[in-house]
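# Structural description and commentary
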Amino acid sequence: MINTNKAQVTVTGTTNLDFETSPNSFVLQILTVDSTKDLALQRLTVILTDVNEPPVFLDEEYVLYVLEKSPPGQIYRPTVSDPENQPVTFTLAPSNTEFRIDVGSGFLTTTKQFNYLTDPRSYAFNLTVSDGNNSVSRTLVINIVNRNDDKPQFLNTITDFTVSEELSPGFIVTNITAVVPDESLYIIYSIGTNNYLAIHRYTGLVTIANRMDRDSAPLREDPVITVLVTATSSPSAPPSNTITLTNTITLTITVTDINDNPPVCSPDAHRVAVSETEKPGALITTVTCTDNDVETAFREFLFTGLSCLGCANRFALEPTGSNQIVLKGNLDLEDPSNLPDGNEYSLLAVAEDKDESNLKGSAYIYVTVTPVNEFPPVFSPPLYFYRISELLGRGTVIGSVKATDRDLPATCVRYSLISGGGTSGLSNIFSLDPKLGSLALLTRPDYETTQTYSLVIRAEDGDPISPLIATTTVTINITEANDEPPLCGPNQTHLIVPKDLRTGSNIQGFIMTCSDRDSPSASFIYSISGASNLNNHFVFSPSSGTNVTRLFLKEPFHYESGLDRVWYYSLTVLVSDGNLRSAGSVPRGLTQTGTVIINILVVDPDLTTVTTTTIPRVTYITVTENTYSIDDWYIWFVIALGTMLLLGLLSYLLYHLCGKLYRALKHSDCSCCEPRPREDQEVLIPEPTPPKREILMEVIKINTLFDGEEVDPVTGRVYEYNSKSGARRWKDVTTVSESVPMIQPESSSMVIPHGQHGHSAQSQARSGRASTGQSKMRSEGVGRATEDRGSPWSSQSRQTSGQSARSARFALSEGGVKLDMVPMTTRGRPNMSEV
C-alpha cells in the first residue's frame, strides 16, 4: 500500500515467472476496508506475456576424437533446446571443407579419411545455434587419433651366422633392423628363449649373452643355435584401444671349436704332508692332466717344467718331462736357507699344448712340511730376580718371564706356576698369565711371614702330540714396610687405685709390654686419649723408645674439692710405632697405631674394706731367698749332687797326695837327715778353690679367694675358707692383729674382702688396706727394684733394693695379714710377675 487512496501489486517469490512453464494469467481478489469498517471486494486479473529466449546446449561434450582412416560420415550431433520450441539453425566457423554441418539438424560429418601422419592432428571450431532472434555459441575441438595399422618390416637379408666359441659376452653377432611408416611409433625387439644370445630392446643388436663352450654340452653334441627375433611396433603413449603389430625373423648361429682348453690337471691343487726329516730322492707326488677340446689336434700337450718360489731346487720332475715330483734338498725348518716363515712350499707343475696356441694347464702342489719337536723352550735370562714391597696389593704386576722355542714354525709357549708361591696357609699368593708370562699378586705379601719366595715356573711349547718343557726359578724378595700395628698387653685390665695414692706411684704394678712385627722396640710412643684421661691423672713412663712401660699416677685426685667426680676410668692407650728418632731417619710406610683399654676404679681407703670377686685376680710374686720349702725337691737334689762331686774331688786329691808321698819316701836317702826336694818340679794338681754356693728359692704369694663359709664349733664365729688351699680367716675382720707402720703404697694393689662389692667406695677399712697393701707393695717393690732403672722413680726403687736384701714372709693371723721382714743373703735378682 502506498497511501490510503492507492495500493500497489508486486511480484514476489524466488522463482522467476516463466511463460513456458508457469500459468499465463493470475486472478487476484483485493479487499478494501475503510475507517468505518465498511468492506469492498475487487477482482484483479494479471496476464503473463511471452518473451523470446535464446536456445540452450544440453550436452557437455566439446572435445571429439576421430580415428584416422575412418570412412567419411557423421561424427557428432549437438543436443539443443529452445524455450519457445522454435526451430533452430546450426553454423560452424571457420568453415572447413573436411567437416560439414547440417543447418537444420546440426549433424556434423567428415568429408574424407584423415591421415594422422599428413593431416592436422587437431581442429577447433565455434558451433553456433540460433532460433532466429537469439543465438548461443561454444567451442568444439576435434582430435585425430592415430591408428596403429603399419606392420614392422625387417631390412636384414642374411640370417645365417658362424661364430667361434668362447667369445666374450657382449660380442655383437648381428644387428636386426625393422621399420614402420609412422614416425610416432617405435620398434621393440625381443628374442626367443635361449642360453647364449640376447637382443637389445630398442636397437636390435644381437649379442652373446653367455659363454659358448663348444667343448661341453649341449654345444658339444649340437653346435647350431636357432632363435626367433620379434619386432613389435608401439606408440610412445598408446590409448587403451591401440592395436600393436608384430613381425618375426629366424636367425641361425653355428658355433665352431677353437683350441681354447688348456690341459687340465686333476686335481688342480692338492696338499702333500712331508716330514722335515725326509731324505732327498723321496717321491713327493704325481701330476695327472687332460685336454677337453673337441678337435683331436687341440688335445695334445706336454709337461714343460716345475716351478717353486723360494724352493732353491729342492723339488724336480724326474725323469725330465714326466709327471713325478721328487725331493732334491732338505726340508729342515730350522735351516736358515729354508722358508723364513711358515712350513709350506707351493709347487706349480705346467702342461702346455703342442700347437702354436701355447695353452698351458697347471697344477698346484702344496707341500706341507710337518715339524718335528726337537728343541725345548729356553728362558732368557735363565733366572729371574724381583724385589717388591709388602705394601703392594692384589693385582699388582711384578714382572714377567720369557721363554723362546727354536722349533719352527713358532708355537705359543704357555707358562704355569709349579711351586714356591705358598705362605701362611695360602697355597699361592701369585698369579701367572699362561700366555704372556706376567706375574701378579693375588694378595698382599707379608714380610714378617715370608721374606723370599722361590717360584718354579714351567714353560711348555705348543706341540700337541709331544710337547717339551723347561723350568726357571723366579726369586722374589719382599722388602719390609711398616704395615703392622703394635700389639700390646695386657688389654682390658681392671685396676683399683686408692684416692690418696701418692703421685709418681706405679698403678698396682701395672706393666704393659708391646711388640711389633716390623718395627723395633725403640719406635714405640705411648699416649693416653685425653677424653678418657680426665684431668690427666695417669701417665705412662717411659713414654717412648722402649717396648716396656708402666702406668703411673701423674696428678693426685681431688674429690674433696669437687675437681674430680669420676671414680671409674676407662683409659684408651694409643701405642704408635712412629718414633723416628730411634726407628731411622726415613719412615718405612705409614705410622701404625695400636690400642689398649685399661679400666681403673678409684676407691676411698678410709671406708670399710670390701672384697670384690667380680674380676678375680691371682698375683704371683717370685722372691729369691735362702729358705727351705718341702716343695723345693730340687734343693735336695742339688745338695746331694754337690756333695757327691765334692767327695769325688776330695778322693781324687787324696789319691794323688798319697801317691806323691809314696814316691817321695821310696826315692829318699835315709842317710841324709833332711831330704832334698827335686828341682823344677811342677805342681801337677793345684790346690782347689772352694766353690761358691748360691741357693735360690721362690716363695709365691697368692691372693687367696675364699669361696666357702663355716661356723667354728669352739668359738661359734663364722670363718671363710679356700676349698683348694684350706686357708681360713674370720669373716667379720675389720682390724689387723699387729699394727704395722703406715707406709705410702707404691702401687694400687689391694685385698678387698668378699661380700661388700656394692659399697666399695663407702665401706673400706683403713687397717685392712694398710696391712694388705703394705705386704703386697713391699714384696712387689723388692721384685721391681732392678727393673725400674728407666723410670723417673728408679732411684727410689734402687734404694729400696739396696736397703733390704730381704724378702717378705707372710702369715695368716686371726685379725688379718701379718707382714714380717726377714734378712736375705742371696745375690739373686728379685722377679715379679702378675697374672
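Residues numbered from 1 in each chain as written. Predicted model: local features only at pLDDT ≥ 70, side-chain atom pairs only at ≥ 80, totals over all residues. Heavy atoms only, no water.

Moving on: the packing of aromatic side chains. Scanning the model with the defined rule gives 17 aromatic pairs in all. Plain terms: the ring middles of Phe379 and Tyr415 are 6.4 Å apart, the flat faces sit at 50° to each other, and that makes the pair tilted. Of this pair, Phe379 sits in strand β30 (residues 378-379) while Tyr415 sits in strand β34 (residues 414-419); the two residues are 36 residues apart in sequence, bridging distant segments of the chain. Tyr415 gets classed as buried once you look at its relative accessible area, which sits at 6%. In textbook terms, an aromatic cluster arises when at least three aromatic residues are bridged by ring pairs, as seen for Phe538, Phe557, Tyr559, Trp567 and Tyr569. For Arg271, the ring lying beneath its charged end belongs to Tyr366, and the centroid distance is 4.9 Å. (Phe/Tyr/Trp six-rings, centres within 6.5 Å; stacked < 30°, edge-to-face > 60°. Helix = DSSP H or I, 4+ residues; strand = E, 2+ residues; numbered from the N terminus. Buried < 20%, exposed > 50% of the residue type's maximum accessible area, 1.4 Å probe, protein only. Lys NZ or Arg CZ within 6 Å of the ring centre and 35° of its normal.)

Turning next to the state of the cysteines. Within this structure, the stated rule accounts for two disulfides. Across a sulfur-sulfur distance of 1.7 Å, Cys265 and Cys289 are joined as a disulfide pair. Linking Cys265 and Cys289, the disulfide has an S-S dihedral of approximately 75° and is accordingly described as right-handed. Residue Cys265 is located in strand β21 (residues 264-265), and its partner Cys289 is located in strand β24 (residues 289-290); the two are separated by 24 residues in the primary sequence. On the basis of relative accessibility, which here comes to 4%, the residue Cys265 falls in the buried class. Put simply, Cys488 and Cys514 are joined by a disulfide, and their sulfur atoms are 2.0 Å apart. (Disulfide = S-S within 2.5 Å.)

Here we come to the sheet that holds strand β5 (residues 74-76). Across the sheet, three strands lie side by side as β5-β9-β8; this open sheet has antiparallel pairing. The sheet is open, and its two borders are formed by β5 and β8 (99-101), each paired with just one other strand. Neighbour-to-neighbour, the strand axes of this sheet turn through a mean angle of 35°, independent of strand direction. (Pairing = 2+ DSSP bridges. Axes fitted to C-alpha atoms, helices over the stretch in contact; angles between N-to-C directions.)

Take unusual backbone geometry next. Put simply, Glu318 and Pro319 share a cis peptide bond, and its omega is -5°. Structurally, Pro319 is set in the loop between β26 (315-317) and β27 (324-327). Of the consecutive residues Ser541 and Pro542, the connecting peptide bond is found in the cis state with omega at -5°. With respect to the element layout, Pro542 can be found in the loop between β43 (538-541) and β44 (548-553). At Lys37, a residue that is not glycine, the phi angle is positive and equals roughly 70°. Mapped onto the secondary structure, Lys37 falls in the loop between β1 (25-33) and β2 (39-47). The backbone of Gln508 sits at a positive phi, close to 50°, despite the residue not being glycine. Along the chain, Gln508 falls in strand β41 (residues 506-515). Overall, Gln508 belongs to the buried group, its relative accessible area being 5%.

This part covers the sheet that holds strand β37 (residues 452-460). Spatially, β31-β38-β37-β34 is the arrangement adopted by the four strands of the open sheet, whose pairing is mixed. Edge strands, defined here as strands with exactly one partner in the open sheet, are β31 (383-389) and β34. Each strand of the sheet is rotated relative to its neighbour by a mean of 30°, with strand direction disregarded. Pairing analysis gives seven bridges linking β31 to strand β38 (residues 469-479), with the strands arranged parallel. Bridge pairing links Tyr384 to Val474 in β38.

The next thing to look at is the environment of Gly170. Within the fold, Gly170 resides in the loop between β13 (160-164) and β14 (172-175). For Gly170, a relative accessible area of 46% translates into the label partly exposed. C-alpha separation for the pair Gly170 and Thr207, spaced 37 residues apart in sequence, amounts to 5.2 Å. The residues touching Gly170, leaving out its near neighbours within four places in the chain, are Thr207 and Ile208. (Contact = heavy atoms within 4.5 Å.)

Looking now at a nonpolar patch on the surface. Taken together, Val9, Val11, Leu17, Phe26, Leu28, Ile30, Leu44 and Val46 make up a surface patch of nonpolar side chains, about 610 Å² in accessible area. Listing elements by their share of the nonpolar patch, those giving two or more residues are β1 and β2. No other element matches the three residues that β1 contributes to the nonpolar patch. Of note, Ile30 is situated in strand β1. (Patch = residues over 30% accessible without salt bridge, like charges linked within 9 Å, V, L, I, M, F, W, Y side chains within 5 Å. Areas by Shrake-Rupley, 256 points an atom, 1.4 Å probe, with all protein chains shown as cover. Salt bridge = Lys/Arg side-chain N within 4 Å of Asp/Glu carboxyl O.)

Looking at the chain as a whole, the pLDDT averages 77, with 76% of positions reaching at least 70. For the chain, the element scoring lowest by mean pLDDT is strand β52 (residues 806-812), at 33; strand β18 (residues 205-208) scores highest, at 96. This model gives residues 581-587 a pLDDT under 50, and the stretch forms seven contacts once residues within four places in sequence are excluded. Note on residues 610-624: pLDDT under 50 across the span, and 68 contacts to partners over four residues away in sequence or across chains. (pLDDT = per-residue confidence, 0-100.)

All right, on to the pattern of salt bridges then. All told, the structure shown has nine salt bridges when counted by the stated rule. Two residues, Arg138 and Asp59, come together in a salt bridge whose shortest N-O distance is 2.8 Å. Placement of Arg138 in strand β11 (residues 135-145) and of Asp59 in the loop between β3 (56-57) and β4 (63-67) is noted, with a sequence separation of 79 residues between them. Each of the two residues, Arg138 as well as Asp59, counts as buried.

Moving on, we get to the pairing of strand β29 (residues 360-370). Burial along β29 is one-sided: the residues Gly361, Ala363, Ile365, Val367 and Val369 are buried and none of Lys360, Ser362, Tyr364, Tyr366, Thr368 and Thr370 is. Sheet topology note: the strand β28 (residues 344-353)/β29 ladder contains nine bridges and is antiparallel. In the sheet register, Leu348 faces β29, and the bridge partner there is Tyr364. Two successive antiparallel strands, β28 and β29, enclose a turn made up of six residues, where Asn358 displays a positive phi of approximately 55°.

Here we take up the side chain of Asp215. Relative to the elements of secondary structure, Asp215 occurs in the loop between β18 and β19 (224-235). Of the buried charged residues, Asp215 lacks a salt bridge, with Arg220 as the closest side chain of opposite charge at 4.4 Å. Every residue in contact with Asp215, bar those within four places of it in the chain, is listed here: Glu165, Arg220, Asp257, Asp260, Asn261, Asn292, Asp293 and Val294. (Lys, Arg positive; Asp, Glu negative; His and termini not counted.)

Here the focus is the pairing of strand β46 (residues 593-603). With eight of 11 residues buried, β46 is to be regarded as a mostly interior element. As defined by bridge partners, strand β40 (residues 493-498) adjoins β46 across six bridges and the pair is classed as parallel. Note that in β46 the partner of His494 across the bridge is Asn599. Taken together, the nine bridges between strand β45 (residues 568-576) and β46 define a ladder with antiparallel strand orientation. The residue of β46 that forms the bridge with Ser570 is Asn599.

Here Asp712 lies in the loop between β49 (708-711) and β50 (718-721). Buried charge without a partner: Asp712 forms no salt bridge, and the closest opposite charge is Arg728, 5.6 Å away. Looking at Asp712, its side chain comes within polar contact range of the main-chain nitrogen of Thr715, at 2.8 Å. Sequence-distant contacts of Asp712, that is, excluding residues within four places in its chain, are made with Arg717, Tyr719 and Trp730. (Polar contact = N/O pair within 3.5 Å; in protein donor to acceptor, adjacent residues only side chain to side chain.)

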